[in-house]
Structure formats: structure tokens, C-alpha cells
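Summary of structural features
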Amino acid sequence: MLVGECPLWHDVESALYWVDINGRTVNRVHPASGKFTSWKMGAEPSAIAADDDNNLVVATRTGFVRLNTTSGAIADICPAPYDTAITRFNDGRVDPQGRFWVGTMYEPRDKPAAEMYVLERDRLRLAWSGGMTNSNGLAWSLDGRAMFHADTTSHRIDRYDFDGAAGSVANGRTLLSFSTDKTSPEYGGRPDGAAVDAQGNYWVAMFEGGRLLKLSPTGELLREIPLPVRCPTAVAFGGSDLRTLYITSASHGRSSEELAQYPLTGKVLCTRVDVAGRVQPEYKR
């Protein structure tokens, strides 16, 4: 796998879904049987959500599509609203009201020109523009009144006030920031994909840090889990008790020395944790 991302536990199917962005596939495994299925996409997929008709909504570089995982049919929902030569959709999650929030990655990375979009009943709108370069780490607090978000490029996690009725955010402020000096002994990676557990804590994959962090809702470090890969990309709670933490990782662009040192690079990992996660909301059509 080149760039695994957006693991999603499908509670109805008892299956784990995830994407390989550069490999252009959506993937599924049933852990109980080991059965694996993969669907090839026409453009890079980056984020997925189960909808209320048991299909998958997939954010790709060129737009949103609906994937019927029974027939394999792919239907267009809406095109991407940006220049696909320099921008693509990236991380995304469904909010408690059933809207699919997906941020973008501005690939030149020479300015904070990424944007946040919301797919609501198959219509796309812009939530905000700028202030980030590589949108990641979307998750919501237990009471639905706060949204967490990471800009991987700036090594920062933010917290916003969230208005569930309006589907809007306000009062963004930094929850936690990390060293940007990769030569420093203090460098521990940069925040990528994330999930919130049943106690309201925020679990985030630290890309190039080889670790997961468990943070309190106010940004206090509660736990650190070292990993046998250097570039974890995202996490999701799953299993029958939602206490299995699945972790995707990336191998694309990594050195031969790193691949030799970390032979599980590019794999989907899992570990048992002491607190359950939550079932991800469905996207409402």
C-alpha cells in the first residue's frame, strides 16, 4: 500500500474500509474471515463515509462519487470545485448531523491555500478557505459542540466551536502545536488523521513520528503508543466492542533504509486499547 488513509469501521458489515490514495483503491477487509475486497477508482480517493443506504461516499481528486460495494457501480455526485492540477481532497469525516466534511491538500505547499468543504444531501458548499495547507484530523467532541482539525503542514491541531444546526464553525484556536524542526531531538512527527473515543479523548497519528498520541479534549497528553512504522496516517476504532484501534500507514516516498528498518510500512495495523471508540455517523443523503 502506498498511502493508506481514512480507516472506517462499518458496524453493520463488521468490516474495515480504508483508501490507498496513490494506489487509487478503496479497500475492505472482514477481520473475522480475512476476506479482502478492493475497488479501483478513476482518481485518487482520500476520504470515505458510509451513507444511509449502505453505500460508500468517496471523496476523490476529481469530485465526490458513490460506490455501491455490492455491484461495484460508481456514480458521480458532484465535481471538485478547485484546480485538480494543484489541489485534491484529503481527510474527511461525517459530523453528528450526517454532513460529510472534507478538507483539501494544496500540493505546491508554498502557501496556506487549502479549503474545507461540506457535502450536505449531495450538495457541496465551502465552509472556509485558507489558513491551512494539508487538512487532516477531523473529529467532533462527545457533545457535538466542538470540532477538532489538524493542519499537518503547520504541525498544529485546532479546536473550533461547532454549530450543529447550521453546520458551521467559529472561534478557532490552537489546541496543541508540535516542533517543525525535523533536525531537533524533540521532533516527534506531525499530526495526521484522528478519532475521538467514548470518553471524548482525541487520538491522532503522528506522521514521521512513529507514534500515536491520546490527547484530552483540552490538549493534555494522556498516552503515547509507539508504532512499528514511521509514518502512520490515520486511526479508527472498530471491532464488536469498538476497542480495536486500526491504524493506516504510508510507504510512498519513503527511503529504502526506512523501509528496511520498518518492514510493516504501508500496512494496516491494529492494537487493542482500554477505552472504546464510537460508531461513525452515516452520511445522510
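These notes cover the structure that comes with them. Since the structure is predicted, the reported quantities are computational estimates derived from the model, not experimental observations. (Residues numbered from 1 in each chain as written. Predicted model: local features only at pLDDT ≥ 70, side-chain atom pairs only at ≥ 80, totals over all residues. Heavy atoms only, no water.)

Looking only at helices and strands, the protein has one helix and 23 strands in total. Each of the three principal axes of the protein carries a C-alpha extent, and together these read 50 × 45 × 40 Å. Taking all 285 residues of the protein together, the buried fraction comes to 57%. Within the protein, counting contacts between residues at least 6 apart in sequence, those at least 24 apart form 43% of the total. (Helix = DSSP H or I, 4+ residues; strand = E, 2+ residues; numbered from the N terminus. Buried < 20%, exposed > 50% of the residue type's maximum accessible area, 1.4 Å probe, protein only. Contact = heavy atoms within 4.5 Å.)

The next point concerns the nonpolar core. Core analysis: the biggest nonpolar cluster contains 34 residues, and Val26, Phe64 and Phe100 have the highest contact counts within it. When neighbours within four sequence positions are excluded, valine 26 is seen to be in contact with Tyr17, Trp18, Val19, Thr37, Ser38, Trp39, Met41, Pro45, Ile48, Leu56, Val58 and Leu67. Formed by 14 residues, the second largest nonpolar core is a distinct cluster that contains Leu212, Val235, Leu269 and Val275. (Core = buried A, V, L, I, M, F, W, Y, C linked by side-chain atoms within 4.5 Å.)

Once that is clear, we can look at the packing of aromatic side chains. Inspection of the entire model under this criterion finds 13 aromatic pairs. Relative to phenylalanine 36, the ring of tryptophan 18 has its centre 6.1 Å away and its plane inclined at 40°; by these criteria the two rings are tilted. Taken as a pair, tryptophan 18 in strand E2 (residues 15-20) and phenylalanine 36 in strand E4 (residues 35-40) lie far apart in primary sequence, 18 residues in all. Aromatic side chains tryptophan 203 and phenylalanine 237 sit 5.7 Å apart centroid to centroid with 90° between the ring planes, which places their arrangement in the edge-to-face category. Of this pair, tryptophan 203 sits in strand E18 (residues 202-207) while phenylalanine 237 is found in strand E21 (residues 232-238), placing the two residues 34 residues apart along the sequence. (Phe/Tyr/Trp six-rings, centres within 6.5 Å; stacked < 30°, edge-to-face > 60°.)

Attention shifts here to the sheet that holds strand E22 (residues 244-249). The three strands are arranged E21-E22-E23 in an open sheet whose pairing can be described as antiparallel. Unpaired on one side and paired on the other, E21 and strand E23 (269-272) mark the two borders of the sheet. Within this sheet the neighbouring strands show an average axis-to-axis angle of 25°, counted without direction. In this structure, E21 lies alongside E22, joined through six bridges in antiparallel fashion. Bridge pairing in E22 links valine 235 to isoleucine 247. (Pairing = 2+ DSSP bridges. Axes fitted to C-alpha atoms, helices over the stretch in contact; angles between N-to-C directions.)

What follows covers the environment of arginine 211. By the element assignment, arginine 211 lies in strand E19 (residues 211-215). Remark: the alpha-carbon pair of arginine 211 and serine 256, spanning 45 residues in sequence, is separated by 20 Å. Other than its neighbours up to four places away in sequence, arginine 211 contacts Gly188, Val204, Ala205, Met206, Glu224, Ile225, Pro226, Leu227 and Pro232. Reaching out from arginine 211, the side chain makes a polar contact with the backbone oxygen of glycine 188 at a distance of 2.9 Å. (Polar contact = N/O pair within 3.5 Å; in protein donor to acceptor, adjacent residues only side chain to side chain.)

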